[in-house]
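The primary structure of each chain is shown beneath.
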Amino acid sequence: MNRYPLWKYLIVLAAVVIGALYALPNLYGESPAVQIAGAKASVKVDQETLVRAEQILKQDDVSSTASSLEINGAVGTLRFRFGSTDTQLKAKDALEKALNSDPKNPDYTVALNLMSSSPNWLTALGANPMYLGLDLRGGVHFLLQVDMKGALSGRYDSMAGEARSALRDARIKFQDVERNQLSIRATFATEDERNAAVDALRRAIPDLVFTTNQVGDQWLLDGKLSPSSITQVQNNALKQNLQTLHNRINELGVAEPVIQQQGGDRIVVELPGVQDIAKAKEILGRTATLEIHMVDDSPAAMAALAQNKVPFGLELYKDTNGQPILLRRQVILTGENLQDAQPGRDQQTQEPTVNLTLDSKGARIFRDVTRDNIGKRMAIVLIENGKGQVVTAPVIRSEIPGGHVQISGSMTAQEAADVSLLLRAGALAAPMHVIEERTIGPSLGAANITQGFDSTLYGFTAIAIFIILYYHLFGVFSTLGLSFNVLLVVAILSMLQATLTLPGIAAMALTLGMAIDANVLINERIREELREGYSPQQAIHLGFERAWTTIFDSNLTSLIVGVALLAFGTGPVRGFAVVHVIGLLTSMFTSVVGVRALANLYYGRRRKLKAISIGTVWTPPKKQH
């Protein structure tokens, strides 16, 4: 009656073993580490960087306990683990001094970090510790202000190019079309040309509201965005900046960053484990803006460049090889017009290529520019920390319609992948600056962990003492089931690589109460069946069977609330909900399947069972007639 088939025992055993295996890495904690990432778009962290860094540490007599190289797409992150913080600081100084020959213009970001101390054999099995939130692990918190004026300036730059294309298509002569602060100004020689331009531009750019004016012999047309269009531009800029920050920070290897909107023009960034604010700012500084300019290779420009002069209307940049290149100041396209960038190969020559996809506005501008500049070079510029670098400068071979652009040249497949990644993830719609920064030290995080662990441990101990005293051997079964439940919750969180925060620890403590509640229902039901006169074996069987409905109903209602919190909550609320939902599911399994497996294993083979150890079974007094 109370015997599980072998396969059920094996399932419970497998759950215990797997749970213990994946929960084990959390016992090893974290060690001081140094993280190395590229500080420039053209600098890569790869196997050669690892070998070079190891040689630097060896020369400075600094020994690391472990090292790892993680490559996500084309971005690499290198980490060294050390036995103490003193060694960590010494290693950081040595690496920073050797890798960055020019401290004012560093090639690499060398930052203090934390790294799991799990042994290699556990890591090889895919068993990794849970991520810890900022309140437990320590790290840095930034509040960034998005420059909405900069977003509007970029939008007007883009629309100026669109306006020029629209006027050319309508065959309307104009003297100039440029951004004039936060508006577009078009200049015409006659009133008729200006009036014709008003009708053409209203059809081409319906978001603009136009006003006319005359200064001397020039007829002016000014266009400004409508209030609803301004709101849309600002919202799109905020969303694009959020996505760009996600791409850049994730690819830099920071574990479980928090990047979320706050209000209408602010972004919160939390980087757990990063203790160096200056280096964290450098990580954020890797976000870049994308611009496309025309290259000036004229003899006059080359002669001026040879004399280290920059002619009026041009700007001096450097390409990925460090060679100087002169670009026209006029911005043809910005990252706002880029929808996607993917590496590929030319179908005819099989050369590695970078395939760009532009939006409809960008496609029209690009078509006109390429039609008018065949044989000339066009540069794609990535601007980081206020400094621009030419990623590639291909020659325009023909007019390119449709918004699908293929860039080819003397590049390898890896270089094509690198350029695609930078163009795809580097487009920042609006500038940002830090208005608040906060550091949570590892000692405070460790104190939070200690207090959270102690509160959970004391709660568990109190529950275990009570349940064993009240239900005797079945109380021991319940305590083992409770331990099994905690083990599974930690293991599942580790397998999911979820982030544990202080609210998550609170949810884990609550889970203990919910889990023991199911065991109390089972034990009381068994007592009730014994009072009804059933044999011990029958009471065990009926107790588990009949308590299941009540357990399921009570946990289901709690689960509905947990799912609602998970779906609509953010930040700490969501962290609480994740642990709460997982804990409810595991508590049903451990109390109904795990505890019953223990009871069946102990009592199931006794045919002539006279009594069971479940505490005092109170028999109600008989009624007197």
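Small disclaimer: the values here were computed from a predicted structure and weren't measured.

What counts and what doesn't
Residues numbered from 1 in each chain as written. Predicted model: local features only at pLDDT ≥ 70, side-chain atom pairs only at ≥ 80, totals over all residues. Heavy atoms only, no water. Pairing = 2+ DSSP bridges. Helix = DSSP H or I, 4+ residues; strand = E, 2+ residues; numbered from the N terminus. Axes fitted to C-alpha atoms, helices over the stretch in contact; angles between N-to-C directions. Contact = heavy atoms within 4.5 Å. Phe/Tyr/Trp six-rings, centres within 6.5 Å; stacked < 30°, edge-to-face > 60°. Core = buried A, V, L, I, M, F, W, Y, C linked by side-chain atoms within 4.5 Å. Buried < 20%, exposed > 50% of the residue type's maximum accessible area, 1.4 Å probe, protein only. Salt bridge = Lys/Arg side-chain N within 4 Å of Asp/Glu carboxyl O. pLDDT = per-residue confidence, 0-100. Left-handed = near helix turned anticlockwise from the far one by under 90°. Nonpolar A, V, L, I, M, F, W, Y, C, P; charged D, E, K, R; others polar.

**With respect to the sheet that holds strand β17 (residues 338-345)**
1) Next: The sheet built from three strands is open, its strands ordered β17-β18-β21 with antiparallel pairing. Edge positions in the sheet fall to β17 and β21 (404-408), since each has one partner strand and no second. Across the sheet, the mean angle from the axis of one strand to that of its neighbour is 25°, orientation sign disregarded.
2) Next: Here strand β18 (residues 352-358) pairs with β21 via five bridges, running antiparallel. Paired with Leu 356 across the strands is Val 405, a residue of β21.

**Topic: the environment of Ile 522**
1) Next: Mapped onto the fold, Ile 522 is located in helix α14 (residues 502-531).
2) Next: Between the alpha carbons of Ile 522 and Thr 550 there is a distance of 9.5 Å; along the sequence they are 28 residues apart.
3) Next: If we ignore the near neighbours within four places in the chain, the residues touching Ile 522 are Phe 544, Ala 547, Ile 551 and Ser 591.

**Thoughts on the pairing of β17**
Regular strands place their side chains on alternate faces of the sheet.
1) Next: Relative to β18, β17 runs antiparallel, the two being bridged by seven bridges. Each residue of the ladder has a partner; that of Leu 338, found in β18, is Leu 358.
2) Next: Taken together, β17 and the strand that follows it, β18, pair antiparallel across an intervening segment of six residues, in which Gln 350 is found at a positive phi of about 65°.

**Regarding unusual backbone geometry**
1) Next: Positioned with a positive phi, His 472 is a non-glycine residue whose angle comes to about 55°.
2) Next: Positionally, His 472 belongs in helix α13 (residues 442-495).

**A closer look at the packing of aromatic side chains**
1) Next: Counting across every chain of the model gives nine aromatic pairs.
2) Next: Measuring from centroid to centroid gives 5.6 Å for Tyr 4 and Tyr 9, while their planes differ by 65°, and the two rings are edge-to-face.
3) Next: Among the aromatic side chains, those forming a connected cluster through ring pairs are Phe 474, Phe 477, Tyr 602 and Tyr 603.

**Remarks on the nonpolar core**
1) Next: Ranked by size, the top nonpolar core spans 26 residues in total, and within it Phe 474, Ile 526, Phe 544, Ile 551, Tyr 603, Ile 612 and Ile 614 carry the most contacts.
2) Next: Within the residue set of this core, elements represented by two or more residues are α13, α14, α15 (536-568) and α16 (572-603).
3) Next: Broken down by element, the residue count for this core peaks at seven residues, all from α14.
4) Next: Excluding residues that lie within four positions of it along the chain, Ile 614 makes contacts with Tyr 470, Tyr 471, His 472, Phe 474, Asn 523, Ile 526, Arg 527 and Leu 530.
5) Next: In terms of nonpolar packing, the next biggest core, distinct from the first, is built from 22 residues, Ile 184, Ala 186, Ala 197 and Leu 221 among them.

**With respect to the pattern of salt bridges**
1) Next: In total, this model carries 15 salt bridges according to the counting rule given.
2) Next: Notably, a salt bridge pairs Arg 546 with Glu 529, separated by 3.2 Å at the nearest N-O pair. Of this pair, Arg 546 sits in helix α15 while Glu 529 sits in helix α14, and the two are 17 residues apart along the sequence.
3) Next: Under the relative-accessibility criterion, Arg 546 is labelled partly exposed at 37%.
4) Next: The exposure class assigned to Glu 529 is buried, which follows from its relative accessible area of 2%.
5) Next: One salt-bridge network, held together by shared partners, links Asp 169, Arg 367, Asp 368, Arg 371 and Asp 372.

**Quick look at the confidence of the model for the protein**
1) Next: Summing up the model confidence of the protein, the mean pLDDT is 82 and the portion of residues at 70 or higher is 90%.
2) Next: Across the protein, element-level confidence peaks in helix α1 (residues 6-23) with a mean pLDDT of 92 and bottoms out in helix α9 (residues 277-285) with 64.

**Concerning the side chain of Asn 555**
1) Next: Structurally, the position occupied by Asn 555 is in helix α15.
2) Next: Those residues in contact with Asn 555, other than ones at most four positions away along the chain, are Met 514, Leu 584, Ser 587 and Met 588.

**Concerning the pairing of strand β7 (residues 176-179)**
1) Next: Summarising the sheet, β7 and strand β8 (residues 184-188) pair through four bridges and their orientation is antiparallel. Counted as the bridge partner of Glu 178 is Arg 185 from β8.
2) Next: Between β7 and the antiparallel strand that follows it, β8, lie four residues; Gln 181 among them carries a positive phi value of about 55°.

**Some words on the packing of α14 against α15**
Between two packed helices, what matters for the description is the angle formed by their axes and the separation of those axes.
1) Next: Where α14 contacts α15, the two axes come as close as 7 Å, and the packing angle between them is 145°. Our pair here, α14 against α15, has a crossing hand that is right-handed. Mapping the contact onto sequence places Met 514, Ala 518, Leu 521, Ile 522, Arg 525, Ile 526, Glu 529 and Leu 530 in α14 and Pro 536, Ala 539, Ile 540, Leu 542, Gly 543, Phe 544, Arg 546, Ala 547, Thr 550, Ile 551, Asn 555 and Ser 558 in α15.
2) Next: Looking at side-chain class alone, the contact of α14 with α15 contains 13 nonpolar, four polar and three charged residues.

**Considering the sheet that holds β7**
1) Next: Strand order in the open sheet formed by four strands is β7-β8-β10-β9, and the pairing between neighbours is antiparallel. The open sheet is flanked by β7 and β9 (208-215), the only strands paired with a single partner. This sheet shows a mean twist of 20° between the axes of neighbouring strands, independent of strand direction.
2) Next: Set on the sheet, helix α6 (residues 148-169) makes contact with β7, β8, β9 and β10 (218-225); between it and β7 the angle comes to about 165°.
3) Next: Contacting β8, β9 and β10, helix α7 (residues 191-204) runs over the sheet at an angle of about 15° to β10.

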